[in-house]
Amino acid sequence: MSSSGPTLAQIEVVNIVLAIVAVIVTSLRLCLRARKRRLWIDDMWAALSMVFTFMLLIADCLYLQYYERYPQDTRIALYYMVAQSFYAVVWTSRLSILFTVVRLTVPGTYIRKALISTAVTFSVVWALLFSQLWWVCEAKSDWKRQPHPQCDIGRSVAIAQIITDVLGDAVLIFTPFSLIYRVRLSSPQKIRVLAVFSASMITTIVSLVHAYYIFSSGGTKVIMAAIVEASVSLIVANLSVVIAFFFRLLSAEDDSTPGSIVTFGSLPKKRVRDPLATTITGAESAPIVLEDLSQLHPCSLKTRDEDEITLSINQGRQTKTD
């Protein structure tokens, strides 16, 4: 392992701090959804990503600081646990974001089917990256004899990560844009909504840094970048719910009368047969729903309900179009 870069103690501190932040944000998201009885598949992926974050935290601590206590085979196993937990956190976070977009669409439409197919593709990519790490590292044996084993995964893994990360995040960024770009909103309102989904670009930037260190044999820098990427991925996956919650709080504090609500998604009034339909609960109030997109893409965007992404807007009241 290269002596340059952050120390093992520094990496462990960053790992603990970022993991705690990611877990707190995810727990807040799950509590908000559970309180409103709107838990869905995207929340399941977020919860699973949080579990993998715990696994990554524990494996990292054992691998970085306490490896001398264990036999060589255990050290190798800890390295694999760290590497595979990293993939698990990143891709379950992406699946959570993707299903957040899925729940904005109407069951049975073409765009929903396309997004579900994309989710299957994400799962296949995760499985391929999972397998690639094994066959690249198992083809070598020198690294397994190191006191602190770390596989030199090489350029093939870095290239695969760059391609899959960029393409995956591009889907997560541009798909929501295509759903709402024709909805009539003021510029500040539209920026608020789109900024939530654009946050996936942060993950892309961190992943490119991670890939660069893999290319340059960055030693401990590779571990640090992987930890940052994993935690940032999970935090970003929760922004759509958490930011909406804080917007509602700010709206309640700034104005005694409720501001208009811009809502994307739907809460069906009757059961639908789509197994991916959102959880059915009783509607408490009549939301203000944007339906402009239906003029060009009828039935592709949900138009009746107060499901997910809800942002409080104070710049003026948005009215429903017929």
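Residues numbered from 1 in each chain as written. Predicted model: local features only at pLDDT ≥ 70, side-chain atom pairs only at ≥ 80, totals over all residues. Heavy atoms only, no water.

Identification of the chain as Rhodopsin domain-containing protein from Suillus plorans is taken from an unreviewed UniProt entry. Per UniProt, the comment on the chain under Sequence similarities (unreviewed entry) is "Belongs to the SAT4 family." Recorded under Subcellular location (unreviewed entry), the UniProt text for the chain is reproduced unchanged: "Membrane". (UniProt positions renumbered as here; feature names shortened; annotations may be inferred.)

Notes on the state of the cysteines
Within this structure, the stated rule accounts for one disulfide. Shown here is the disulfide that connects C137 with C151, its sulfur atoms set 2.3 Å apart. Taking the sign of the torsion about the S-S bond as the criterion, the disulfide between C137 and C151, at about -110°, is left-handed. Note that C137 is positioned in helix 4 (residues 110-138) and C151 in the loop between helix 4 and helix 5 (154-180), a separation of 14 residues in sequence. Residue C137 shares its accessibility class with C151, and that shared class is buried. (Disulfide = S-S within 2.5 Å. Helix = DSSP H or I, 4+ residues; strand = E, 2+ residues; numbered from the N terminus. Buried < 20%, exposed > 50% of the residue type's maximum accessible area, 1.4 Å probe, protein only.)

Topic: the packing of aromatic side chains
Any two aromatic rings considered together are summarised by their centre-to-centre distance and by the angle between their planes. Inspection of the entire model under this criterion finds twelve aromatic pairs. With a centroid separation of 6.3 Å and an interplanar angle of 85°, the aromatic rings of F52 and W126 are classed as edge-to-face. Of this pair, F52 sits in helix 2 (residues 41-65) while W126 sits in helix 4, placing them 74 residues apart in sequence. W126 shares its class with F52; the two are buried. One aromatic cluster is present, built from ring pairs that chain together Y63, Y79, Y80, F130, W134 and W143. Here the guanidinium or amino end of R94 rests over the ring plane of W91, the centre of that ring lying 4.6 Å away. (Phe/Tyr/Trp six-rings, centres within 6.5 Å; stacked < 30°, edge-to-face > 60°. Lys NZ or Arg CZ within 6 Å of the ring centre and 35° of its normal.)

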